Amino acid sequence: MQWATCPEGEILSKQVAVSFEDSLVKVVYASSDKGRTVIQKTTVFKDEEFDSFLKTTRLPDLTVVCHFKRFYSDILTAPPAKPAYLKKIVEAEIRKRFPELHDFSYFYSIPAVTTAGEKGLRDVFFFAVDNKELNEIVERFNKYGKSAKYIYPNVLTLSHLIKSSDDLKSKTVLSLLISEKDRTLFLVKNGNVCFVRVTPSLGWEITDIDIDNINMTVSYCRQNLRLYPE
């Protein structure tokens, strides 16, 4: 991904992304131009100020990025299958492992690089969220006549930064997302998320507890997932 400044007066197809981060809401106005992402404007609001912004501002369909309060993720083993059939396998497995989840949304990825016609079982990572939490987000926008067209977990959007890097896209990378309330450690292999762990934090500064959690996560990835992150 390339970043550039929009020349003054140039009109491009606008896209607006909203990112919910702790007690802040960040709004990014951007557009695509010949493969580049052009950032036109960024604004940061306190969460309690965001409703006033929604009430008074005209916006196109929005892309929303969230740090979900609760999520359900794991790795399952599945046979080679067409996407439609694999989707059914993943959904059935989520219901089996988390029976308390009745209505949910999810994404899945296959961390290993596969080729057409390849046989044998493969690992599939999934990440699910209760639709009650999604509906709360959607209703907040609907209240002011705004449409949340896409909603993504932050780990999925951040993984695309790794996927877009020539140096990292083919590697196994352990990433750390720092916030005031917690730390999110997520493993990306071949550009695909394959493990997520959230630990509590004591603020913005990295502490010895954070270092211990990072080391334990690396050990878990090596011993349980047989993955060796950089």
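Before reading further, recall that the structure is shown in the block above.
Quick notes on the rules
- Residue positions are counted from 1 within each chain, in the order its sequence is given.
- Note on the predicted model: pLDDT of at least 70 is required for a residue's local features to be given, and 80 or more for side-chain atom pairs to be given and counted; whole-chain, interface and lining totals, by contrast, use all residues.
- The side-chain numbers reported here are obtained from all heavy atoms of the structure, hydrogens and water having been left aside.
- What counts as a helix is a DSSP run of H or I of at least four residues, what counts as a strand is a run of E of at least two, and both are numbered from the N terminus.
- Partly exposed residues are those whose accessible area sits between 20% and 50% of the maximum for their type, while under 20% is buried and over 50% is exposed, using a 1.4 Å probe and protein chains only.
- Any two residues whose heavy atoms approach within 4.5 Å at even a single point are treated as in contact.
- Within this scheme a cavity is a closed region of a 1 Å grid, computed over the protein atoms alone, that accommodates a 1.4 Å probe without allowing it to escape, whereas a pocket is open but has protein on both sides within 12 Å along at least five of seven lines; lining residues each have an atom within 4 Å of a point.
- Grid points are joined across faces, edges and corners, and a volume is the space filled by probe spheres set on the points.
- Amino acid classes used here: Ala, Val, Leu, Ile, Met, Phe, Trp, Tyr, Cys and Pro are nonpolar; Asp, Glu, Lys and Arg are charged; the rest, including Gly, are polar.

**Points about the side chain of Asn213**
Phase 1 of the analysis: Relative to the elements of secondary structure, Asn213 occurs in helix 5 (residues 208-223).
Phase 2 of the analysis: The exposure class assigned to Asn213 is buried, which follows from its relative accessible area of 10%.
Phase 3 of the analysis: Setting aside its immediate chain neighbours within four residues, Asn213 contacts Arg197 and Thr199.

**Some points on the environment of Val18**
Phase 1 of the analysis: In this fold, Val18 is placed in strand 2 (residues 14-21).
Phase 2 of the analysis: For the pair Val18 and Ala30, spaced 12 residues apart in sequence, the C-alpha separation works out to 11 Å.
Phase 3 of the analysis: When residues no more than four places from it in sequence are discounted, the contact partners of Val18 are Val25, Lys26, Val27, Phe50, Leu62, Thr63, Val64, Val65 and Phe141.

**What to know about the layout of surface pockets**
Phase 1 of the analysis: Taken as a whole, the largest pocket holds about 1300 Å³ of empty space.
Phase 2 of the analysis: Along the walls of the largest pocket sit 45 residues, with Ala17, Ser19, Val28, Val65 and Thr157 positioned nearest its centre.
Phase 3 of the analysis: Mapped by element, the contributors of at least two residues to the lining of the largest pocket are strand 2, strand 3 (24-33), strand 4 (36-46), strand 5 (62-66), strand 9 (148-153), helix 4 (154-163), strand 10 (172-178) and strand 11 (182-189).
Phase 4 of the analysis: Considering each element in turn, the lining of the largest pocket owes the most residues, 8 residues, to strand 2.
Phase 5 of the analysis: Of the residues in the lining of the largest pocket, the class split is 23 nonpolar, 15 polar and 7 charged.
Phase 6 of the analysis: Surrounding the second largest pocket, 14 residues form its lining, Phe20, Asp22, His67, Lys69 and Glu133 being those nearest its centre.
Phase 7 of the analysis: The greatest single-element share of the lining of the second largest pocket, amounting to 4 residues, is contributed by helix 3 (residues 131-142).
Phase 8 of the analysis: For the lining of the second largest pocket, the class distribution of residues is 4 nonpolar, 1 polar and 9 charged.

So yeah, pure geometry; function would need other evidence.
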